[in-house]
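# Fold and contact review
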Amino acid sequence: MSKHRGDRRDGTYLKNIDSMHTIMPLMYPNRCDNEAFISERIDLTNINAYLEKKNADNPEYPFNLFQIMVTALLKVITLRPKMNRFIANKSIYQRNEVSAAFTVKKIFSDEGGEALSFIHAKDSDTINSIHDEIFRQVSLCRSEEKDPSTAAMDIIQKVPRTLLKLVGAVARWLDRHGWMPQSVIATDPYYASAVLTNLGSIQLHSGYHHLTNWGTNSVFCAIGERKKRPFFDEEGHVEMRDSVDLGLTIDERIADGYYYSKTVRLLRKLLENPELLELPLSEKVEY
């Protein structure tokens with residue numbers, strides 16, 4: 001892709017957009033002031049059956065719910081490109097790639113450290129290749145070797161306190177103007193298309209999680225604890241089913257409510273029919 005005036009390392013400047021979405025960043029310049037929160041409850045009946053089938057051969061690294069969530073969100077963003085936009089320095093951009101980031105707890109204890117994982121997706125990716133990449137990333141994060149983002153933060157930590165404010169000011173200026181080094185863009189989770197947090201793994205409910213004015217991230221997904229919950233059919237009969245709650249926080253300036261509604265409908269379609277994740281991310285599905 002050729003670069004034009006106004007483009008950034010991580011995004012293409014959008015000129016030909018409607019007037020409302022041109023004006024909104026000028027009126028509301030901060031991402032954290034423009035958050036919209038969407039809560040969804042997902043019936044896990046079909047996902048549980050799918051995972052049982054995928055894991056029937058007892059793979060070394062079993063397929064799990066989190067991998068399905070990551071793949072589904074990446075496919076949604078691939079097929080719904082406005083969800084891969086971001087606003088920086090009062091301008092709107094189309095991100096150059098689809099990506100997802102999440103934190104990995106090295107050891108489940110109060111003293112256990114954290115590492116950062118970053119998935120750079122390709123149009124040809126499927127649940128199988130995303131599963132393999134998550135396995136590689138988690139293995140790296142839980143090894144003695146430090147992930148690139150943590151290693152970079154360790155270097156900054158060694159900067160004398162008298163210079164830290166200057167470092168922070170320079171970093172914010174680079175971030176705002178799109179001149180942040182590619183090494184940061186490729187590893188900082190807040191430069192990803194979507195950030196996910198698996199709160200269910202630490203027995204927490206899903207809920208609201210803020211966006212940040214730092215970076216370019218416009219979508220945050222909190223995955224809650226799975227548990228039995230009541231589901232009603234059209235006749236009012238109730239059945240307890242395994243389920244999970246999702247909390248989606250999005251930058252409302254990048255699209256409109258109708259676009260978000262169809263995006264959530266697609267996400268639900270993929271999670272209720274996980275076999276669709278066997279298709280390449282770029283292959284369209286009916287929803």
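You'll find the structure just up there.
None of the values given here were measured: they were computed from a predicted structure.

### What about the nonpolar core?
- Within the largest apolar cluster, 56 residues are counted, with the highest numbers of intra-cluster contacts made by Leu74 and Leu271.
- If one sorts the elements of this core by residue count, helix α3 (residues 65-79) sits on top with 10 residues.
- Not counting residues within four places of it along the chain, the set of residues in contact with Leu271 comprises Ile42, Ile47, Ile68, Met69, Ala72 and Leu246.

### A short note on the sheet that holds strand β1 (residues 11-13)
- The sheet built from three strands is open, its strands ordered β1-β4-β3 with antiparallel pairing. Among the strands making up the open sheet, the edge pair consists of β1 and β3 (85-88). Between one strand axis and the next, the sheet turns through 40° on average, direction left out of account.

### Remarks on helix α1 (residues 19-27)
- Regarding α1, the residues found buried are His21, Met24 and Pro25. Buried residues along α1 cover an arc of 90° about the axis, so they all sit on one side. Facing away from the buried side of α1 by more than 90 degrees, the exposed set consists of Ser19, Leu26 and Met27.
- Tucked inside the fold, the buried residues of α1 contact β3 and β4 (91-95).
- If you check the start of α1, you find a side-chain oxygen 3.2 Å away from the backbone N of Met20, and it comes from Asp18.

### A few points about unusual backbone geometry
- Residues other than glycine seldom take positive phi values, yet Asn58 does so here, at roughly 50°.
- With respect to the secondary-structure elements, Asn58 resides in the loop between α2 (45-54) and α3.
- A positive phi angle, close to 60°, is found at Gln203, a residue other than glycine.
- Within the fold, Gln203 resides in the loop between β7 (194-198) and β8 (219-223).

### Quick look at the packing of α3 against helix α4 (residues 127-141)
- Orientation of α3 relative to α4, taken along the N-to-C sense of each, is 120°, at an axis distance of 10 Å. On the basis of the axis angle, α3 is oblique to α4. Along this stretch, α3 crosses α4, giving a crossing that reads as right-handed. Each of Gln67, Ile68, Val70, Thr71 and Leu74 in α3 lies in contact with α4, whose residues at this interface are Ile127, Ile130, His131 and Ile134.
- In terms of residue class, the contact of α3 with α4 is built from six nonpolar, three polar and no charged.

### A short note on α2
- Looking at α2, one finds that the buried residues are Ile47, Tyr50 and Leu51. Along α2, the residues classed as buried sweep out an arc of 95° about the axis, all on the same side. Counted as exposed and oriented over 90 degrees from the buried face of α2: Glu52 and Lys53.
- At its buried positions, α2 is contacted by α3, α4 and α8 (257-272).

### Describing the pattern of salt bridges
- In the structure shown here, the tally under the stated rule is 12 salt bridges.
- Here Asp10 and Arg8 are joined by a salt bridge, their closest N and O atoms 2.9 Å apart. The exposure classification of Asp10 matches that of Arg8, with both residues buried.
- A salt bridge links Asp125 to Lys122; the nearest nitrogen and oxygen atoms lie 3.5 Å apart.

### A closer look at the side chain of Asp242
- Structurally, Asp242 can be placed in strand β10 (residues 238-251).
- In this structure the side chain of Asp242 is engaged in a polar contact, spanning 3.0 Å, whose partner is the side chain of Asn48.
- Within the structure, the side chain of Asp242 is placed 2.7 Å from the side chain of Arg226, a separation counted as a polar contact.
- Sequence-distant contacts of Asp242, that is, excluding residues within four places in its chain, are made with Ile42, Asp43, Leu44, Thr45, Asn48, Arg226, Lys227 and Lys228.

Thresholds applied
- Residues numbered from 1 in each chain as written.
- Predicted model: local features only at pLDDT ≥ 70, side-chain atom pairs only at ≥ 80, totals over all residues.
- Heavy atoms only, no water.
- Core = buried A, V, L, I, M, F, W, Y, C linked by side-chain atoms within 4.5 Å.
- Buried < 20%, exposed > 50% of the residue type's maximum accessible area, 1.4 Å probe, protein only.
- Helix = DSSP H or I, 4+ residues; strand = E, 2+ residues; numbered from the N terminus.
- Contact = heavy atoms within 4.5 Å.
- Pairing = 2+ DSSP bridges.
- Axes fitted to C-alpha atoms, helices over the stretch in contact; angles between N-to-C directions.
- Arc of directions from axis to C-beta.
- Polar contact = N/O pair within 3.5 Å; in protein donor to acceptor, adjacent residues only side chain to side chain.
- Parallel < 35°, antiparallel > 145°, perpendicular 65-115°, else oblique.
- Left-handed = near helix turned anticlockwise from the far one by under 90°.
- Nonpolar A, V, L, I, M, F, W, Y, C, P; charged D, E, K, R; others polar.
- Salt bridge = Lys/Arg side-chain N within 4 Å of Asp/Glu carboxyl O.

The values are spatial; any link to function lies outside them.
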